[in-house]
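Chain by chain, the residues:
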Amino acid sequence: MIALHALQKHSRYLINLGSTFGSQVVTALSILVLTPLLVQRLGETAYSTYGVLLNLILVVSVFDFGLNTGLIHRLIQEPAQRNSLLNAVFFFYFLILILAASIIYFLFSMGWVVGTEHQALLAILLAGLVVQNVLSSFAEAIFQSINKVYLSKWIRIGRTILEAGLLYLLSAKGSVSLLLATSFIVNVFFILILLRVAGRELSFTFHWKFFKWKVLRSQLQYSFWYFQSMLATVITYNIQILLLQHYLSAAQLTVFLLVFRFFEVFRTGLTNFTAVLFPSISAMQAQQNWKGLREQFRKVFTRVLGLSLFTFGLLGWKGDELFSWWSHYHSAESIAVFRVYTLYVFLLILDHVSVVFLAALKYNRTPAIVSTFQSTASLLLTGFLFTQWGLPGAVWASLLAFATTSLIFNPAYLLFRLRKEA
């Protein structure tokens with residue numbers, strides 16, 4: 001019986017992992033095909049604006065306040081609270097539409113983010129995309145809580161293919177607003193399908209009568225340190241781009257965004273091994289299986305290390321030539337940025353193993369504080385090292401701040417807590 005349970009658990013992991021990789025392959029292909037095309041059709045100025053606006057959506061999406069990550073953990077640990085938790089979080093996200101639109105319009109009006117024409121309408125459109133972003137994460141949290149990640153990934157594959165095809169066709173118009181509106185319309189159908197399938201897999205009902213402020217306050221408190229971790233991540237990756245847009249030319253910002261997009265393919269793909277383990281890690285905690293968790297961490301870290309060494313060894317050997325062929329940018333500055341980013345992303349992937357375990361076990365308070373310190377140091381170093389070394393200095397700033405803080409602290413803290421619990 002135990003052997004059968006273990007086999008089923010391993011089989012589910014492989015199905016989740018396979019569907020996640022399938023989704024990532026489709027996403028990677030869409031990025032690799034569309035990105036150089038968008039640069040060509042939009043031009044460097046419009047593409048850099050488009051990239052900054054997509055980045056702004058991720059920045060403002062942090063105001064889901066970590067509720068989705070906290071939701072996964074609580075749905076696993078407290079299944080009796082399912083309906084009240086889901087309603088509290090779901091209806092709260094509609095308030096975020098007002099908050100997001102206000103924040104984005106304020107950033108436009110202050111000149112901190114460069115927008116296109118009709119800034120009020122653009123702010124509403126971007127706010128809608130923000131809410132769609134958190135709602136899709138909300139729906140996927142439901143699938144993660146029942147360890148059926150594969151269902152959401154299959155739906156995401158269809159959504160990515162449809163969106164990529166439409167963006168390919170409509171990018172010929174050269175309109176940033178049209179591309180954003182297209183993504184918005186596609187996402188409406190994507191979220192409706194996600195929620196419909198989630199409702200079939202897990203019994204719950206959305207209705208105002210099930211919304212309780214007390215439950216929402218409880219979930220906000222429960223998720224606070226997840227939010228703090230997300231905020232630190234956004235500062236490190238995304239706010240840095242908003243900062244750099246004021247210092248870089250359109251050509252330089254385009255190079256930075258192209259390097260960022262290129263490595264997103266590898267970073268997301270190689271972090272899938274650990275990301276799909278979130279539900280099973282949380283379940284092992286509920287079973288007090290501390291020895292199993294230590295062994296799980298060791299095995300996953302070893303596998304990710306081996307695969308990352310192979311992948312980034314190849315990128316270190318011929319990656320700059322591949323990037324130059326793909327992006328059509330080949331300068332001393334672009335190659336320097338690429339090489340520093342290679343090392344940075346390699347270290348990020350290794351650290352991600354510890355990050356997922358810490359989040360799934362809810363050992364995230366102290367790591368969140370360390371991560372906040374790291375992100376703040378990264379922004380301060382960005383301003384200094386950029387003036388010294390140019391565009392590569394911005395990447396070195398993130399790398400140095402990360403390597404001297406979270407990269408060391410996260411695995412050490414995780415192992416300390418697991419030994420303490422045993």
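Residues numbered from 1 in each chain as written. Predicted model: local features only at pLDDT ≥ 70, side-chain atom pairs only at ≥ 80, totals over all residues. Heavy atoms only, no water.

**A closer look at the overall build of the protein**
Of regular secondary structure, the protein possesses 15 helices and zero strands. Taken against the 2.2 N^0.38 rule, which gives 22 Å for 422 residues, the C-alpha radius of gyration of the protein at 21 Å falls within 12% of a compact globule. Along the longest, intermediate and shortest principal axes, the C-alpha atoms of the protein span 60 × 45 × 35 Å. Of all 422 residues assigned to the protein, the portion counted as buried reaches 54%. Here the contacts in the protein between residues at least 6 apart in sequence split such that 85% fall between residues at least 24 apart. Element-wise, carbon and sulfur atoms account for 67% of the exposed surface of the protein, whose accessible area totals about 18900 Å². If you average the places of the 30 positive and of the 14 negative side-chain charges in the protein, the two averages end up 13 Å apart. (Helix = DSSP H or I, 4+ residues; strand = E, 2+ residues; numbered from the N terminus. Rg over C-alpha atoms; globule rule 2.2 N^0.38 Å. Buried < 20%, exposed > 50% of the residue type's maximum accessible area, 1.4 Å probe, protein only. Contact = heavy atoms within 4.5 Å. Areas by Shrake-Rupley, 256 points an atom, 1.4 Å probe, with all protein chains shown as cover. Lys, Arg positive; Asp, Glu negative; His and termini not counted. Charge placed at Lys NZ, Arg CZ, Asp CG, Glu CD.)

**Some details on the packing of helix H11 (residues 290-327) against helix H12 (residues 332-360)**
Interhelical geometry of H11 versus H12 gives an angle of 170° and a closest axis separation of 9 Å. Judged by the inter-axis angle, H11 sits roughly antiparallel to H12. Its residues placed into classes, the contact of H11 with H12 shows 18 nonpolar, eight polar and two charged. (Axes fitted to C-alpha atoms, helices over the stretch in contact; angles between N-to-C directions. Parallel < 35°, antiparallel > 145°, perpendicular 65-115°, else oblique. Nonpolar A, V, L, I, M, F, W, Y, C, P; charged D, E, K, R; others polar.)

**What about the side chain of Ser-23?**
Assignment of secondary structure puts Ser-23 in helix H1 (residues 2-60). Apart from residues no more than four positions distant in its own chain, Ser-23 is found in contact with Lys-153, Arg-156 and Ile-157.

**Describing the packing of helix H2 (residues 67-77) against helix H3 (residues 82-109)**
In contact at an axis separation of 11 Å, H2 and H3 are set at 175° when each is read in the N-to-C sense. As the angle between them shows, H2 and H3 are arranged roughly antiparallel. Within the contact between the two elements, H2 uses Leu-67, Asn-68, Leu-71, Arg-74 and Leu-75 and H3 uses Arg-82, Leu-85, Leu-86, Val-89, Phe-92 and Tyr-93. Grouping the amino acids of the contact of H2 with H3 by side-chain chemistry returns eight nonpolar, one polar and two charged.

**Focus: the environment of Thr-27**
When you line up the elements, Thr-27 lands in helix H1. For Thr-27, a relative accessible area of 22% gives the class partly exposed. For the pair Thr-27 and Leu-17, spaced ten residues apart in sequence, the C-alpha to C-alpha distance is 15 Å.

**Examining the pattern of salt bridges**
Counted according to the given criterion, the structure contains nine salt bridges. The partner of Glu-78 in a salt bridge is Arg-74, and the shortest N-O contact between them spans 3.1 Å. Lys-318 is paired through a salt bridge with Glu-321; the nearest N and O atoms lie 3.6 Å apart. Taken together, the positions of Lys-318 and Glu-321, both in helix H11 and three residues apart, correspond to about one turn of that helix. (Salt bridge = Lys/Arg side-chain N within 4 Å of Asp/Glu carboxyl O.)

**Notes on the packing of aromatic side chains**
In total, this model carries 35 aromatic pairs according to the counting rule given. Where Trp-208 meets Phe-211, the ring centres are 5.9 Å apart and the plane angle is 75°; that geometry is what we call edge-to-face. Classification of Trp-208 as exposed rests on a relative accessible area of 57%. Classification of Phe-211 as buried rests on a relative accessible area of 14%. In this structure, Arg-417 packs its charged tip against the face of Tyr-363, placed 4.0 Å from the ring centre. (Phe/Tyr/Trp six-rings, centres within 6.5 Å; stacked < 30°, edge-to-face > 60°. Lys NZ or Arg CZ within 6 Å of the ring centre and 35° of its normal.)

**Concerning the environment of Ser-136**
Its location among the elements puts Ser-136 in helix H4 (residues 119-145). Separated by 52 residues in the primary sequence, Ser-136 and Val-188 place their C-alpha atoms 9.7 Å from one another. With near-sequence residues (within four places) excluded, Ser-136 lies in contact with Arg-156, Phe-190, Ile-191 and Leu-194. Here Asn-133 takes part through its backbone oxygen, which lies 2.8 Å from a polar atom of the side chain of Ser-136. (Polar contact = N/O pair within 3.5 Å; in protein donor to acceptor, adjacent residues only side chain to side chain.)

**Some details on the side chain of Lys-153**
When you line up the elements, Lys-153 lands in helix H5 (residues 149-170). Within the buried set, Lys-153 has no salt-bridge partner at all; the shortest N-O distance to an opposite charge, 4.4 Å, is to Glu-140. Residues within four places of Lys-153 in sequence aside, it is in contact with Ser-19, Thr-20, Ser-23 and Glu-140.

**Some details on H3**
A turn of α-helix holds 3.6 residues, and therefore any two residues three or four places apart point the same way. Look at H3: 41 Å from first C-alpha to last across 28 residues, which is about the 40 Å you get at 1.5 Å a residue. The principal kink in H3, of about 30°, is found at Leu-95. Positive phi shows up at Gly-111, right after H3, with a value of about 80°. (Expected span 1.5 Å × (residues − 1). Bend = angle between axes of the 7 residues up to and from the residue.)

**What about the nonpolar core?**
The nonpolar side chains of a soluble globular protein tend to be buried with one another. Counting 127 residues, the largest nonpolar core has Leu-56 and Leu-126 as the members making the most contacts within it. Sorting elements by how many residues they give to this core places H12 first, with 17 residues. With sequence-adjacent residues up to four places away left out, Leu-126 is seen in contact with Leu-53, Leu-56, Ile-57, Ile-104, Phe-108 and Leu-180. (Core = buried A, V, L, I, M, F, W, Y, C linked by side-chain atoms within 4.5 Å.)

**Remarks on the environment of Asn-187**
By the element assignment, Asn-187 lies in helix H6 (residues 176-201). Ignoring any residue separated from it by four or fewer positions in sequence, one finds Asn-187 in contact with Leu-129, Gln-132 and Arg-159. A polar atom in the side chain of Asn-187 sits 3.0 Å from the side chain of Arg-159.

**Focus: unusual backbone geometry**
In terms of backbone geometry, most residues other than glycine have negative phi values and most peptide bonds are trans. Although it is not a glycine, Phe-65 sits at a positive phi angle of roughly 60°. Secondary-structure assignment places Phe-65 in the loop between H1 and H2. Given the relative accessible area of 22%, Phe-65 is considered partly exposed. Backbone geometry places His-328, a non-glycine residue, at a positive phi of 65°. Its place among the elements puts His-328 in the loop between H11 and H12. We classify His-328 as exposed; its relative accessible area is 66%.

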